[in-house]
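Residue-level listing of the chains:
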Amino acid sequence: MDSTSSNDAVHKFDSVTLLMFMGLLVATILSIWIIKHFRLRFIHETGLSIIYGVIVGAAVTYLSKKGESYEGMEYEKLINQSDDSNLTEEALLRLLSYSNSTLREYTCKRKPDTVLGSKMVFNPEIFFYVLLPPIIFHAGYSMKRKHFFKNFGAIITFAFVGTLISTFTIGGIIYGVVEGLRPAVIKTGLDTRFTFQQCLWYGSIISATDPVTVLAIFHDLHVDVDLYALVFGESVLNDAVAITLANAIDEGDRGEESVGKVFGTIGMFLGIFIGSFVMGMVVGSVNALITKFTKIKEFPLLESTLLLLMSYTSYLIAEALSLSGIVSVLFCGIFQAHYTFNNLSDDSKKNTKQIFEMLNFISENFVFLYIGVSVFTRNFSATQLNPWFIVGAFLAMIISRAVNIYPLSFILNLGRKHKIPASVQHMMMFSGLRGAIAFALAIRKATEGTPQVQIFLTTTIILVMLTVIGCGALTLSMLRWLKIRVGVDDVAETQTLSTSSPLQFRPGIGTVLLVRATCKSF
């Protein structure tokens, strides 16, 4: 195969792959319309995306033409050249350009694969630099700030303290399963050793909740606004905390383990989080100042584009400085919504809301499609699907969620005027789905190719599918069983929140002005 024909073939299959995903997105959109039109509640759009992906992934794997992937053929040709001592400088650069995971998978397995399937493997860098930023920014930009800040203390507690509790709980349980029960585990084929820090890293990524399915149903049914704010706020900040914590643990996974090293990792996490928060705040404030003190609002197209680019810039700056782009772009979105949004023209206010909502919708469904496709296109081995580890991780996930929600809710209720009722606590416990963040972190780590991270990846895919499809289908039944309020008018609740303030009961014109000023500040 000469260079020209090889490039043409790669270009052709790239086009076919993109066409396939575009077709899946179109089918998903039409299916979502049917679901919303007929008000079907037994399945949600994200679960549907995963199911579509699984079907297409199975078809590609078992029905398409078998053959060596183009990466494999090119790699073999380069290796043959190197054996003959005729490896040119250009060929050496091309050889080094292949990722470790691609070379390791090819040299270890060296078995035929589907040509199309080899082009459909999830690329984590595309997720982190293309798909994830609009999802996180939209979460901050579209946040219902009044109810968010009303429950801010509880949200921060669940997101920070709860994620740390969940991380150590999952890591400890999994470490106990694979090491404490090692003689029994070896009999099932899992003879891979795990360090406590590796289990802790897995605990951090699987602690990243992604209740997009539940939140979408909450939105459609207009559930209790405090429940929505708690679940939404916790999930948004929890993702940022989990990603930052996972990176900190990964950076600290060097040398011998010790208690001091654990505290050092926590300190690194706090430093990264605070630095990322400041970066997002600074970029959001700069954009707010530009829109306030210039006349750029006379050109809505430029104004909307500037907001989009500045927001993405906050993500890239943080990543370039080895901080957390997720934390940076999240708080940039919050600052943009609170300050920049009020300076925009009417056209830009409408345009930015619609643009980010559309990007969020496309990115989320694209990711869940990819998760479904990857089930059959990654060629998992039997040792990576060990039932001991999967069951242990599933039980650890449930236990950690309970240890997170119920004790923290009890402590918070000691100081809250508006208590978190038991029904809301149960619903928060149920809403701890795992999704795109956990999957992307696992697949990015899987490029190392070690047996441990491959087991982490396969277990994560199973947990994501179980929680997204299973919990998504049972959400409506849980709302009815727990007697959660639905059909709540957000505007009426906001007015009630304002009029229920203690300031209202103090007579005088000064009180009225203070109440109005307080309401406007939100």
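The model shown is predicted, which means the values in this text are computed figures rather than measured ones. Counting restarts for each chain: residues are numbered from 1 in the order of the written sequence. Where totals are concerned, whole chains, interfaces and linings use all residues; where local detail is concerned, this predicted model gives features only for residues with pLDDT of at least 70, and gives and counts side-chain atom pairs only at 80 or more. Side-chain numbers come from the whole structure's heavy atoms, not from hydrogens or water.

Enquirer: I would appreciate a short explanation of the overall build of the protein in the present structure.
Expert: Each helix corresponds to a stretch of at least 4 residues labelled H or I by DSSP, and each strand to a stretch of at least 2 residues labelled E; elements are numbered beginning at the N terminus. Across its full length, the protein holds 22 helices and two strands. Scored against the burial criterion, the 522 residues of the protein give a buried share of 50%. Residue burial considers only the protein chains on display, and all accessible areas are found by Shrake-Rupley using a 1.4 Å probe. In the structure as shown, the protein presents an accessible area of about 24,300 Å², 66% of it carried by carbon and sulfur atoms. Partly exposed residues are those whose accessible area sits between 20% and 50% of the maximum for their type, while under 20% is buried and over 50% is exposed, using a 1.4 Å probe and protein chains only.

Enquirer: Sorry if this is basic, but what is going on with a nonpolar patch on the surface here?
Expert: Within the patch definition used here, like charges are joined within 9 Å and nonpolar side chains (Val, Leu, Ile, Met, Phe, Trp, Tyr) within 5 Å, considering only residues with over 30% relative accessible area and no salt bridge. Throughout this description, the term salt bridge denotes a Lys or Arg side-chain nitrogen within 4 Å of a carboxyl oxygen of Asp or Glu. Taken together, V391, F394, L395, I398, I399, V403 and L466 make up a surface patch of nonpolar side chains, about 560 Å² in accessible area. No other element matches helix α17 (residues 387-413), which puts six residues into the nonpolar patch. Note on placement: V391 falls in helix α17. Relative accessible area serves as the criterion here: at 47%, V391 is assigned to the partly exposed category.

Enquirer: I would appreciate a short explanation of the side chain of S314 in the present structure.
Expert: Relative to the helices and strands, S314 is located in helix α14 (residues 300-320). Residue contacts follow a heavy-atom distance rule, with two residues in contact if any of their heavy atoms lie within 4.5 Å. Ignoring anything within four residues of it in the chain, the contact list for S314 reads M279, V283, S328, V329 and C332.

Enquirer: Sorry if this is basic, but what is going on with the pattern of salt bridges here?
Expert: Two side chains that carry opposite charge are able to pair once their charged atoms sit near each other. Tallying each qualifying case throughout the model produces five salt bridges. For the salt bridge of R485 with D224, the shortest nitrogen-to-oxygen distance reads 2.7 Å. Highlighted residues: R485 in the loop between α20 (451-482) and α21 (490-499) and D224 in the loop between α11 (212-221) and α12 (225-251), separated in sequence by 261 residues. Classification of R485 by relative accessible area gives partly exposed; the value is 40%. Residue class for D224 comes out buried when judged on its relative accessible area of 13%. When the shortest N-O distance is used, the salt bridge between R401 and E234 registers 2.8 Å. Taken together, the positions of R401 in helix α17 and E234 in helix α12 put the pair 167 residues apart, joining distant regions of the chain.

Enquirer: Is there a simple way to explain the packing of aromatic side chains in this structure?
Expert: Geometry of an aromatic ring pair is reported as the spacing of the ring centres plus the angle between the planes. Paired rings are identified among Phe, Tyr and Trp, the last through its six-membered ring, by centres lying within 6.5 Å, and are further divided according to the angle between planes into stacked (under 30 degrees), edge-to-face (over 60) and tilted (the rest). Under the defined criterion, the tally for this structure stands at 26 aromatic pairs. Taken together, F160, F269, F273, F277 and F331 form an aromatic cluster joined through their ring pairs. Lying across the ring of F293, K292 places its NZ or CZ 6.0 Å from the centre. The residue whose ring lies beneath K353 is F341, and the NZ or CZ to ring-centre distance is 5.3 Å. We call a charge positioned over a ring when the NZ of a Lys or the CZ of an Arg lies within 6 Å of the ring centre and within 35 degrees of the ring normal.

Enquirer: Just checking my understanding: could you explain the environment of K350 for this structure?
Expert: Relative to the helices and strands, K350 is located in helix α16 (residues 346-377). It is 9.7 Å that separates the C-alpha atoms of K350 and S304, two residues lying 46 residues apart in sequence.

Enquirer: What is the right way to read the layout of surface pockets from this model?
Expert: A probe as big as a water molecule, rolled over the atoms, marks out the empty space that is left. Only protein atoms enter the calculation, which uses a 1 Å grid: trapped sets of points that fit a 1.4 Å probe without letting it out are cavities, open sets showing protein on both sides within 12 Å along at least five of seven lines are pockets, and any residue with an atom within 4 Å of a point is a lining residue. Grid points are joined across faces, edges and corners, and a volume is the space filled by probe spheres set on the points. Taken as a whole, the second largest pocket holds about 1,000 Å³ of empty space. Surrounding the second largest pocket, 40 residues form its lining, H138, V212, Y228, N360 and E364 being those nearest its centre. Going through the elements one at a time, α1 (3-37), α6 (124-141), α7 (145-150), α11, α12, α16 and α19 (436-445) are the ones with two or more residues in the lining of the second largest pocket. Looking at the lining of the second largest pocket, the element that brings in the most residues is α16, giving nine residues.

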